[in-house]
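Here's the letter readout for the chains.
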Amino acid sequence: MHRSSFAAAVMISALMFVPAMAQSLTVTGSAPLQGGGVDQVWAKKVSYADLDLGTTQGATTLLNRIDVAARAVCGEREGYTMNAARAKAFAKCYARTMHYAIKEVDAPQLTQLAAAH
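Residues numbered from 1 in each chain as written. Predicted model: local features only at pLDDT ≥ 70, side-chain atom pairs only at ≥ 80, totals over all residues. Heavy atoms only, no water.

**Quick notes on the state of the cysteines**
Tallied over the full model, the rule gives 1 disulfide. Between the sulfur atoms of Cys-74 and its disulfide mate Cys-93 the distance is 2.1 Å. Here the S-S torsion is close to -75 degrees, and the disulfide linking Cys-74 with Cys-93 is therefore left-handed. Of this pair, Cys-74 sits in the loop between helix H2 (56-73) and helix H3 (84-105) while Cys-93 sits in helix H3, and the two are 19 residues apart along the sequence. Per residue, the accessibility class of Cys-74 equals that of Cys-93, and both read buried. (Disulfide = S-S within 2.5 Å. Helix = DSSP H or I, 4+ residues; strand = E, 2+ residues; numbered from the N terminus. Buried < 20%, exposed > 50% of the residue type's maximum accessible area, 1.4 Å probe, protein only.)

Structure (structure tokens):
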């Protein structure tokens, strides 16, 4: 095999594996325990293997999945009312978590959609 053919084969092989590796992300955030105390780091895996992030529909679906995960890892719980300090900590965690998750995916349609919200 010629050197240029080998290089092309390696490059094609690498490109074939990139989408498979980038099919999910782990959304992480830190939130205090409901009883107070030290922040706990929480993580939730979000898959997007089934989505076409080049479309508005795919990007919207992933943005919604990231939103649900960010709310969970930052401490939003059904039936739990946050006091002012906790609500402020939640808002900071949520904004940071959304930012980094969207940045990690690095899909233009997703980034544009998130910026519009």
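**Examining the side chain of Thr-97**
Looking at where Thr-97 falls in the secondary structure, it is placed in helix H3. At 2.7 Å, the side chain of Thr-97 forms a polar contact with the backbone oxygen of Cys-93. Ignoring any residue separated from it by four or fewer positions in sequence, one finds Thr-97 in contact with Val-27, Thr-28, Gly-29, Ala-70, Val-73 and Cys-74. (Polar contact = N/O pair within 3.5 Å; in protein donor to acceptor, adjacent residues only side chain to side chain. Contact = heavy atoms within 4.5 Å.)

**Re the packing of aromatic side chains**
Evaluation of the coordinates by the stated rule reveals 1 aromatic pair. Ring centres of Phe-90 and Tyr-94 lie 5.9 Å apart, and the angle between their planes is 20 degrees; on these two criteria the pair is classed as stacked. Taken together, the positions of Phe-90 and Tyr-94, both in helix H3 and 4 residues apart, correspond to about one turn of that helix. Each member of the pair, Phe-90 together with Tyr-94, is buried. When the ring centre of Tyr-94 is taken as reference, the NZ or CZ atom of Arg-71 above it lies at 4.9 Å. (Phe/Tyr/Trp six-rings, centres within 6.5 Å; stacked < 30°, edge-to-face > 60°. Lys NZ or Arg CZ within 6 Å of the ring centre and 35° of its normal.)

**Describing the confidence of the model for the protein**
Taken as a whole, the protein shows an average pLDDT of 78; of its residues, 73% reach a score of 70 or greater. Predicted confidence for residues 1-21 stays below pLDDT 50, and this span has 1 contact to residues more than four positions away or in other chains. (pLDDT = per-residue confidence, 0-100.)

**Focus on the pattern of salt bridges**
Here the structure, examined in full by the defined rule, presents 3 salt bridges. A salt bridge links Arg-65 to Asp-50, with the shortest nitrogen-to-oxygen separation between them at 2.9 Å. One end of the pair, Arg-65, is in helix H2; the other, Asp-50, is in the loop between strand S2 (39-47) and H2, with 15 residues separating them in the sequence. A residue is classified by how much of its surface remains accessible, and Asp-50, at 55% relative accessible area, is exposed. The closest approach of N and O atoms between Arg-71 and Asp-67, which form a salt bridge, is 3.1 Å. Of the two residues, Arg-71 and Asp-67 are both situated in helix H2; the distance of 4 residues between them amounts to about one turn of the helix. (Salt bridge = Lys/Arg side-chain N within 4 Å of Asp/Glu carboxyl O.)

**As for unusual backbone geometry**
Notably, Asp-106 is not glycine yet its phi reads approximately 55 degrees, a positive angle. Among the secondary structure elements, Asp-106 is positioned in the loop between H3 and helix H4 (108-116). The exposed category is assigned to Asp-106, whose relative accessible area is 61%.

**Regarding the packing of H2 against H3**
At a minimum axis separation of 9 Å, H2 and H3 run at an interaxial angle of 140 degrees. Of the possible angle classes, the one that applies to H2 and H3 is oblique. As for how H2 packs across H3, the hand of that crossing is right-handed. On the side of H2, the interface is formed by Leu-62, Leu-63, Ile-66, Asp-67, Ala-70, Arg-71 and Val-73, while H3 contributes Phe-90, Tyr-94, Thr-97, Met-98, Ala-101, Ile-102 and Val-105. (Axes fitted to C-alpha atoms, helices over the stretch in contact; angles between N-to-C directions. Parallel < 35°, antiparallel > 145°, perpendicular 65-115°, else oblique. Left-handed = near helix turned anticlockwise from the far one by under 90°.)

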